[in-house]
Amino acid sequence: MDKKSGNEEDKAKELIARLNRLGVWPLPTSFILIIGVGYFFTFYDIADIGFAMPAIDQQFNLGQSLSLFIALSVGLIGYAIGSYLIGTVSDYYGRFRAMILTMALTALGSFGDALSFNVPELALFRFITGLGLGADLNLVSTYLSELSPPNIRGKITVYSFLLGILGQAVTPFVALALVPVYYDGWRYLFAIGGIIAVVALALRFELPESPRWLISRAGDLKKAEEIITRMENTVRDKVGELAKPSIVDVKIGEKKFPTSYVFKKPYVYRFALLVVMWFFWYIGNYGFLGDATTFVCERDINF
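All values derive from a computational prediction rather than experimental measurement.

*Asks:* Describe the pattern of salt bridges, listing the residues and the values that go with them.
*Replies:* Side chains bearing opposite charge may pair, as long as their charged atoms lie close to each other. In the structure shown here, the tally under the stated rule is 13 salt bridges. In this structure, the salt-bridge partner of R204 is D136, at a minimum N-O distance of 2.7 Å. Note that R204 is positioned in helix α7 (residues 185–204) and D136 in helix α5 (residues 119–147), a separation of 68 residues in sequence. Its relative accessible area of 0% is what places D136 among the buried residues. Close ionic contact of R187 with D184 constitutes a salt bridge, the shortest N to O distance being 3.4 Å.

Here is the structure:
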């Protein structure tokens, strides 16, 4: 190891240690809300398609099975592809850029859903929406974990998740006020989602890049230190003086994480558990969302 590389590695270790010692959320509380708005849209969109389906089915003259496939399956295919592809983009080009991309895709997809007049158009824009949503679900968790000190990572992720899940709770009431009342009510439902996505997109420009990504992937220690210094100042305002950093080992300049790693020990067991968990979660969640309008509306509302 040459002298320059050794100095960079020592500096990287110091910066990571400074991040780990912070103890509390090291950014303005409003930043959790900014991230939560994006999550709100994600869960809003997860729910809105189920309430829009009866009207889409009627206006597009679809059979119910085809309607379900287009509305749910095509979007879920986009979820899987977007999660992998845009997740890879975030490893190479940063969490911030990828989170801007995901919200831009979801906004485009939502407005496209609202303006669709046939099956191919709807399928295309549901796929685009899925690309953004699938990636955003993963990126937000990763981003929050990289910004938070180790002792509060789970807590911060839960806070943002709770803000997001409100989107799924609110959607049925918005849908009932629009879809049964107006011929184009389902279009308004998607358009509202697009507006929320645009707001979330604009707010995300206030967010910093992940300093951990800058250190370990980009090797931009100068920019990482600038962000960490601002974070330290925020924490000092909250709790006073900080503890002395505890230096840890860290690798810098890592450019890739091969997919094959998840099929090797110890990751393969964790990967298998996640696949099983998410498989059953999606079956239950989307089974309910697909049939929710039948349970809630069929007796009283004629779509």
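Next comes the rest of the write-up.
*Asks:* Tell me what's going on with the environment of L163, and back it up with residues and numbers.
*Replies:* Inspection of the secondary structure assignment puts L163 in helix α6 (residues 153–178). In sequence terms L163 and G38 are 125 residues apart; their C-alpha atoms lie 9.3 Å from each other. The contacts of L163, once residues within four sequence positions are left out, are I32, L33, G36 and F40.

*Asks:* Could you give me a rundown of the packing of α5 against α6, with the residues and numbers involved?
*Replies:* Their axes nearest at 9 Å, the elements α5 and α6 cross at an angle of 140°. As far as their axial angle goes, α6 and α5 are oblique. Regarding α5 and α6, the two cross each other, and that crossing is right-handed. The residues of α6 that touch α5, namely those facing S141, L144 and S145, are R153, I156, T157 and S160. Counted by class, the contact of α5 with α6 contains 2 nonpolar, 4 polar and 1 charged residues.

*Asks:* Provide a residue-level description of the environment of L201, including the pertinent values.
*Replies:* Relative to the elements of secondary structure, L201 occurs in helix α7. For L201, a relative accessible area of 18% translates into the label buried. What L201 contacts, discounting residues up to four positions off in sequence, is I100, M103 and A104.

*Asks:* Quick one: what's the story with the side chain of D48, residue by residue and with numbers?
*Replies:* Residue position: D48 is located in helix α2 (residues 29–59). One buried charged side chain, D48, makes no salt bridge at all; its nearest oppositely charged neighbour is R126, positioned 4.5 Å away. Setting aside residues up to four positions removed in sequence, D48 forms contacts with R126, T171, L189 and F190.

*Asks:* Talk me through the packing of aromatic side chains; I want residue IDs and the actual numbers.
*Replies:* For the structure shown, the criterion picks out 9 aromatic pairs. On the numbers, 5.9 Å between centres and 70° between planes, the contact of Y182 with Y188 is edge-to-face. Seen in terms of ring centroids, F263 and F271 are 5.4 Å apart; in terms of plane orientation they differ by 75°. Their pairing is edge-to-face. By relative accessible area, which is 54% here, F263 ends up exposed. Judged by its relative accessible area of 34%, F271 is partly exposed. A connected cluster of aromatic rings, assembled from ring pairs, spans Y39, F43 and F161. Cation over ring: R187 sits above F117, and NZ or CZ is 4.2 Å from the ring centre.

What counts, and at which threshold
- Residues numbered from 1 in each chain as written.
- Predicted model: local features only at pLDDT ≥ 70, side-chain atom pairs only at ≥ 80, totals over all residues.
- Heavy atoms only, no water.
- Salt bridge = Lys/Arg side-chain N within 4 Å of Asp/Glu carboxyl O.
- Helix = DSSP H or I, 4+ residues; strand = E, 2+ residues; numbered from the N terminus.
- Buried < 20%, exposed > 50% of the residue type's maximum accessible area, 1.4 Å probe, protein only.
- Contact = heavy atoms within 4.5 Å.
- Axes fitted to C-alpha atoms, helices over the stretch in contact; angles between N-to-C directions.
- Parallel < 35°, antiparallel > 145°, perpendicular 65-115°, else oblique.
- Left-handed = near helix turned anticlockwise from the far one by under 90°.
- Nonpolar A, V, L, I, M, F, W, Y, C, P; charged D, E, K, R; others polar.
- Lys, Arg positive; Asp, Glu negative; His and termini not counted.
- Phe/Tyr/Trp six-rings, centres within 6.5 Å; stacked < 30°, edge-to-face > 60°.
- Lys NZ or Arg CZ within 6 Å of the ring centre and 35° of its normal.

Everything listed here is a matter of coordinates, which is why it stays silent on function.
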